[in-house]
Amino acid sequence: MGALSGTLSYKMFYVQGEVAEGWQDLYLQQIRKNAFKPLKPEDEEEVSEGWVPVERPLQISFDLHTLLFDHFINLGFRQDKYAIPSALLKAHVEEAEREYMIQNDKQRLSKFEREDIKIMVKRKLKEKQLPRMKVIDMSWDLQKGRVRFWSQSSNVCELFQGYFEDTFGLKLLPANPYINAVQLEPGPEKIEELAVVEPTNFIEGLPAR
Amino acid sequence: MDLVDLIETRRFLGSEFMMWLWFKSESYDGLMEVAEHGDIEVLFDDALVLEAYLAETERNTFKGGAPAYSPEAKVALQQGKRVSRAKIRVIKDGREWLLTLKAEGMDFSSVKIPAVLSREEDEKFYERMYLVEELEDIIAALYRTFIFTRLSPGWHDAMVPAMKEWIMAEEGVPSELYPAQAEQSGPAVAKSA
């Protein structure tokens, strides 16, 4: 886990709202419900994501001991994705279409036949490969209401944010200059001023924007 | 304006904060008093990126040495470029943190914390989190001072003219240039951010 060794690169989120009463049982239940589900080649989905215990990405069973570190909830956010290169898929689909036309003595294929062939080829290719696995850890400080997520990719952070909010029923606000200023609790007057403040022009003759 | 718009349109505060911090650090050779943390050293280290505000593709990347003190970085500032990320060294009570601070999202990356003493996995985790939190609190306290100063009349009356002088100065700046009287830290002590 990024929090356990080495340098740290993370995105900070602020948790909005209060931790629910009886949260231990409730969150454990919710984490289990939103645990990672492995992909199967026959599934239509090509991506799957969900929670795993930290440092044990192949496990999908949880108890309080695996996720609660004093006042921190630590979890891994695992995402698996089948990544079939488009050129490879295209070549296999074209080959399969040719074979199908010969076997069935056809000159042309309907849209539905093409779709069926594509699904079948995709499944065969998925059977030959393992999905790509990515696990990113998160650490939720329940006392401070801060979540640290070990990725700064905006796509991954957005996905994580939605998944966290669905699991725990609490909103997350990502760190940024405006949110950080509001988190300092400067008072309603200053918050209003923040909403209208304009960029400073440090260089004469250059526009501020 | 909704929250998403506010987040998008106020991003400039991140780079203004880093420019203010750079100015203050250079004025006082890195030494500054930070609310609730006492005397701290905040130094711009060996990596600095400046970007044009409108054309983000116009970027100057400086690596190695002390770019914050280089004439090239000053020229970029004089052309209207603003800090988009910087490697910063924070020293408190003999302990040292190193981080890359990104202006747009106020994100911390490549954070090196002081050496931890604990051996046990759990204890090591708590100690590391404690040290990261201490760094976050120091940056938040500095940001609080910046925000209150930024929203006060002293920003335009004293801080901006002094920063303009600093940007145009060819040599280093004397500490007297920093308008300490314009600095505001707000009515209450920072909670945390």
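Scoring rules and cut-offs
- Residues numbered from 1 in each chain as written.
- Chains lettered and ligands numbered in written order.
- Predicted model: local features only at pLDDT ≥ 70, side-chain atom pairs only at ≥ 80, totals over all residues.
- Heavy atoms only, no water.
- Helix = DSSP H or I, 4+ residues; strand = E, 2+ residues; numbered from the N terminus.
- Buried < 20%, exposed > 50% of the residue type's maximum accessible area, 1.4 Å probe, protein only.
- Contact = heavy atoms within 4.5 Å.
- Areas by Shrake-Rupley, 256 points an atom, 1.4 Å probe, with all protein chains shown as cover.
- Lys, Arg positive; Asp, Glu negative; His and termini not counted.
- Charge placed at Lys NZ, Arg CZ, Asp CG, Glu CD.
- Patch = residues over 30% accessible without salt bridge, like charges linked within 9 Å, V, L, I, M, F, W, Y side chains within 5 Å.
- Salt bridge = Lys/Arg side-chain N within 4 Å of Asp/Glu carboxyl O.
- Axes fitted to C-alpha atoms, helices over the stretch in contact; angles between N-to-C directions.
- Parallel < 35°, antiparallel > 145°, perpendicular 65-115°, else oblique.
- Nonpolar A, V, L, I, M, F, W, Y, C, P; charged D, E, K, R; others polar.
- Pairing = 2+ DSSP bridges.

Participant: Mind laying out the overall build of chain B, listing which residues take part and the relevant values?
Facilitator: The secondary structure content of chain B amounts to five helices and six strands. The order of α-helices and β-strands along chain B, N terminus first, is α-α-β-β-β-α-β-β-β-α-α. A principal-axis box enclosing the C-alpha atoms of chain B has dimensions of 50 × 40 × 40 Å. A buried classification covers 55% of the 193 residues belonging to chain B. By sequence separation, contacts in chain B at least 24 residues apart represent 59% of the contacts at least 6 residues apart. Of the roughly 8,700 Å² of accessible surface on chain B, a fraction of 49% belongs to carbon and sulfur atoms. A distance of 4 Å separates the average location of the 22 positive side-chain charges in chain B from that of its 35 negative side-chain charges.

Participant: Pulling in residues and values, what's your account of a nonpolar patch on the surface?
Facilitator: Residues and elements named next belong to chain A. Together, Leu 58, Met 133 and Val 135 make up a nonpolar patch on the protein surface, roughly 290 Å² of accessible area in all. Along the polypeptide, Met 133 turns up in strand β5 (residues 132-141). Residue classification places Met 133 among the partly exposed positions, given a relative accessible area of 43%.

Participant: Please provide a residue-by-residue account of the packing of helix α3 (residues 71-78) of chain B against helix α5 (residues 153-168) of chain B, values included.
Facilitator: Residue and element names in this part refer to chain B. One can describe the packing of α3 onto α5 by two numbers: an axis separation of 8 Å at closest approach and a directional angle of 130 degrees. Judged by the inter-axis angle, α3 sits oblique to α5. The residues of α5 that touch α3, namely those facing Lys 74, Leu 77 and Gln 78, are Trp 166, Ile 167 and Met 168. Tallied by class, the residues present in the contact of α3 with α5 amount to four nonpolar, one polar and one charged.

Participant: Explain the pairing of strand β5 (residues 95-102) of chain B to me, and be specific about the residues and the numbers.
Facilitator: All names here are of chain B. Among the eight residues that make up β5, six are buried, leaving the element largely enclosed by the rest of the structure. When strand β4 (residues 82-92) meets β5, the two strands line up antiparallel, connected through eight bridges. Note that in β5 the partner of Arg 85 across the bridge is Lys 102. From the end of β4 to the start of β5, which pair antiparallel, there are two residues, and Asp 93 there has a positive phi angle of about 50 degrees.

Participant: Tell me about the pattern of salt bridges, and please be specific about residues and values.
Facilitator: Considering all chains together, one arrives at 24 salt bridges over all chains under this definition. The partner of Asp 107 of chain B in a salt bridge is Lys 11 of chain A, and the shortest N-O contact between them spans 2.7 Å. One end of the pair, Asp 107 of chain B, is in strand β6 (residues 107-112); the other, Lys 11 of chain A, is in strand β1 (residues 8-16), on a second chain. A single burial state applies to Asp 107 of chain B and to Lys 11 of chain A, both of which are buried. Residue Glu 16 of chain B is joined to Arg 82 of chain B by a salt bridge in which the shortest nitrogen-to-oxygen separation is 3.6 Å. Remark: Arg 82 of chain B occurs in strand β4 and Glu 16 of chain B occurs in helix α2 (residues 12-27); sequence separation between them is 66 residues. The exposure class assigned to Glu 16 of chain B is buried, which follows from its relative accessible area of 0%.

Participant: If you had to explain a negative patch on the surface to someone new, which residues and values would you point to?
Facilitator: A cluster of like negative charges, contributed by Glu 55 and Asp 70 of chain A together with Glu 120, Glu 121, Asp 122 and Glu 123 of chain B, occupies part of the molecular surface. Positionally, Asp 70 of chain A belongs in the loop between β3 (68-69) and β4 (72-81).

Participant: Residues and numbers for the environment of Ala 47 of chain B, please.
Facilitator: In this fold, Ala 47 of chain B is placed in strand β2 (residues 38-51). Aside from chain neighbours lying at most four places away, what touches Ala 47 of chain B is Phe 62, Pro 67, Ala 86 and Lys 87 of chain B.

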